[in-house]
Amino acid sequence: MQLTLEFGGGLELLCDSVKIHDVNVIPNLEADKLTMKDLLVWVRTNVIKERPEMFMKDDSVRPGVLVLVNDCDWELSGQLDTPLEEKDVVVFISTLHGG
């Protein structure tokens, strides 16, 4: 499944300073669809290059990370259960900044 992942607010630093990633994620064979939970596991393994604990806590993103799926807050679409479709755009933005 072709997806575009965007990282901002400092999260791009965890991905070798690359903000936009065009990726091909293959859904789990047992699942008929890809969910955000599946994507987060894939991102932690394949995209995050350092300090994954700054991106994820347990099975979800850390508090303070805004997640948008096609410009819609994932809290409105089911969070971890949000289904993903071909060509979706998923944006991760850290709202926490040092001072």
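Presented here is a report on the structure given in the accompanying data block. (Residues numbered from 1 in each chain as written. Predicted model: local features only at pLDDT ≥ 70, side-chain atom pairs only at ≥ 80, totals over all residues. Heavy atoms only, no water.)

**Let's talk about the pairing of strand S6 (residues 65-69)**
A regular strand carries its side chains on alternate faces of the sheet. Among the five residues that make up S6, four are buried, leaving the element largely enclosed by the rest of the structure. As paired elements, S6 and strand S9 (residues 89-94) share five bridges and run antiparallel to each other. Among the inter-strand pairings, leucine 66 is bridged to a residue of S9, identified as isoleucine 93. As paired strands, S6 and strand S7 (residues 72-73) are joined by two bridges and run antiparallel to one another. Bridge pairing in S7 places leucine 68 opposite aspartate 73. Here S6 folds back onto S7, and the loop between the two strands holds two residues, one of which, asparagine 70, carries a positive phi near 55 degrees. (Buried < 20%, exposed > 50% of the residue type's maximum accessible area, 1.4 Å probe, protein only. Helix = DSSP H or I, 4+ residues; strand = E, 2+ residues; numbered from the N terminus. Pairing = 2+ DSSP bridges.)

**Let's talk about the side chain of glutamate 12**
Within the secondary structure layout, glutamate 12 lies in the loop between strand S1 (2-8) and strand S2 (20-24). In this structure glutamate 12 touches Phe7, Ser17, Val18 and Lys19, once residues within four positions along its chain are discounted. (Contact = heavy atoms within 4.5 Å.)

**Section: the nonpolar core**
Within the largest apolar cluster, 26 residues are counted, with the highest numbers of intra-cluster contacts made by Phe7, Met36, Leu39, Phe55, Leu84 and Phe92. When contributions to this core are tallied by element, the ones reaching two or more residues are S1, helix H1 (36-46), S6 and S9. Among the elements that line this core, the one with the most residues is H1, at four residues. Not counting residues within four places of it along the chain, the set of residues in contact with leucine 84 comprises Met1, Leu3, Leu34, Thr35, Met36, Leu39, Val69 and Val90. (Core = buried A, V, L, I, M, F, W, Y, C linked by side-chain atoms within 4.5 Å.)

**Examining the layout of surface pockets**
Considering only enclosed or pocket space, the largest pocket measures out at about 270 Å³ in volume. If you trace the largest pocket, you find 15 residues lining it, with Gly10, Leu11, Leu14, Met54 and Ser94 closest to the centre. Of the residues in the lining of the largest pocket, the class split is seven nonpolar, five polar and three charged. (1 Å grid on protein atoms, 1.4 Å probe; cavity = no way out; pocket = protein on both sides within 12 Å on 5 of 7 lines; lining within 4 Å. Points joined across faces, edges and corners; volume = space filled by probe spheres on them. Nonpolar A, V, L, I, M, F, W, Y, C, P; charged D, E, K, R; others polar.)

**Topic: the pairing of S1**
Within S1, five of the seven residues are buried, leaving the element largely enclosed by the surrounding structure. With five bridges joining them, S1 and S9 adopt parallel strand pairing. Its bridge partner being in S9, threonine 4 is matched across the sheet by valine 89.

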